[in-house]
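Tertiary structure, described
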Amino acid sequence: MYDKAHNDFIEGNEQNRCLSQAYDVHTSDSSKILSRTSSKLSYGSADLQGFIWEDETLSAAERRKAICCPDEAVEVLSFQFLALYKSSGLEENTDGILGLSPHKNEEKRQLHYLWALKDSGIISKAMVSFNIASSDMDDSSYALFGGVNSTQIVGGTGGMKTFSSFPNFLGTWALEGQSINYRGKVLEDSEGSYPAIIDTGTS
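None of these values were measured; they are calculated from a predicted model.

Attention shifts here to the overall build of the protein. Within the protein, the secondary structure is distributed over two helices and 13 strands. When each of the 203 residues of the protein is scored for burial, the buried share is 30%. Partitioning the contacts of the protein with sequence separation of at least 6, the portion at a separation of at least 24 is 56%. With the model as given, the accessible surface of the protein reaches about 13300 Å², and the carbon-plus-sulfur share is 50%.

Encoded structure:
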């Protein structure tokens, strides 16, 4: 699950998972546990408990290079995350959560995948864009770190309109809400200025 409202990476502990896609610390030959002390984390409505691990990740481009040119050096990112052994409140069969909130918690900076990519120089901009496709489309869903696919934007990147994130106490992506409309009518007492949270974790 990509979740722009939070900023940690959490590897799930569900057994009935998509085994061909889900990451598993026990099948990786480069993963290692960093602490034998259990860590607890509240994540929205979920209560999580696990251990801090570290593993190496490759971008898609670096992975292709490693396959076609095994003698060439590739850029590897060492990344820390919480591997769960106990959880409550997560949706059934969740493989894990990749938090992409813009909020930079300095105490957990090493657990923030987007900023880890930026800090290591793998991407030049701390940004992520999404391509969302349904099963009846001749396309696939993906997340693109460090940029956007300009072919999907009318007029290319020059035609892209950007908005600054509206400050809020959650420290997440948001636009400024000014009113709530229902069936063409503004709801009573809904006008003002407040954060309208953008959250892929619930969409």
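Enumeration over the complete set of coordinates arrives at one salt bridge. A salt bridge links K32 to E54; the shortest N-O distance between them is 3.6 Å. Taken as a pair, K32 in strand 3 (residues 32-33) and E54 in strand 5 (residues 46-57) lie far apart in primary sequence, 22 residues in all. Exposure remark for K32: the relative accessible area of 45% places this residue in the partly exposed category. Its relative accessible area of 16% is what places E54 among the buried residues.

Attention shifts here to the environment of S134. Structurally, S134 is set in the loop between strand 8 (128-131) and strand 9 (142-145). Within the local environment of S134, its side chain forms a polar contact with the side chain of D136, the two groups lying 2.3 Å apart.

In this section: the confidence of the model for the protein. Overall, the predicted model of the protein reaches an average pLDDT of 77, with 83% of residues at or above 70. When pLDDT is averaged over each helix and strand of the protein, the minimum, 44, is found for strand 1 (residues 2-3) and the maximum, 92, for strand 3. Across residues 1-7, where pLDDT falls below 50, the model places 46 contacts with residues more than four positions away in sequence or in other chains. Residue range residues 14-20 is modelled with pLDDT below 50. Its contacts to residues more than four positions away, or to other chains, number 11 contacts.

Glancing now at the environment of S88. Of note, S88 is situated in strand 6 (residues 77-88). Owing to a relative accessible area of 39%, S88 belongs among the partly exposed residues under this scheme. Leave out the neighbours within four places in its chain, and S88 touches S45, A46 and D47.

Another aspect to go through is the nonpolar core. Nonpolar side chains tend toward joint burial in soluble globular proteins. If you look at the biggest cluster of nonpolar residues, it comprises 15 residues, and the most contacted ones within it are L77, F79, F81 and Y113. The set of elements that each furnish at least two residues to this core consists of strand 6 and helix 2 (113-119). If you look at the next biggest cluster of nonpolar residues, it comprises seven residues, including L48, I52, L82 and L111.

Okay, unusual backbone geometry next. For R183, which is not glycine, the phi dihedral falls at a positive 55°. Position of R183 among the secondary structure elements: in the loop between strand 11 (181-182) and strand 12 (185-186). Classification of R183 as exposed rests on a relative accessible area of 75%. One non-glycine residue, D189, adopts positive backbone phi at about 60°. Within the fold, D189 resides in the loop between strand 12 and strand 13 (194-197). Taking relative accessible area as the criterion, D189 reaches 75% and is therefore assigned exposed.

This part is about the side chain of S190. Mapped onto the fold, S190 is located in the loop between strand 12 and strand 13. Using a relative accessible area of 7% as the deciding quantity, one classes S190 as buried. Reaching out from S190, the side chain makes a polar contact with the backbone nitrogen of I180 at a distance of 3.2 Å. If near-sequence neighbours (up to four positions away) are discounted, S190 is found in contact with Q178, S179 and I180.

Conventions adopted
Residues numbered from 1 in each chain as written. Predicted model: local features only at pLDDT ≥ 70, side-chain atom pairs only at ≥ 80, totals over all residues. Heavy atoms only, no water. Helix = DSSP H or I, 4+ residues; strand = E, 2+ residues; numbered from the N terminus. Buried < 20%, exposed > 50% of the residue type's maximum accessible area, 1.4 Å probe, protein only. Contact = heavy atoms within 4.5 Å. Areas by Shrake-Rupley, 256 points an atom, 1.4 Å probe, with all protein chains shown as cover. Salt bridge = Lys/Arg side-chain N within 4 Å of Asp/Glu carboxyl O. Polar contact = N/O pair within 3.5 Å; in protein donor to acceptor, adjacent residues only side chain to side chain. pLDDT = per-residue confidence, 0-100. Core = buried A, V, L, I, M, F, W, Y, C linked by side-chain atoms within 4.5 Å.

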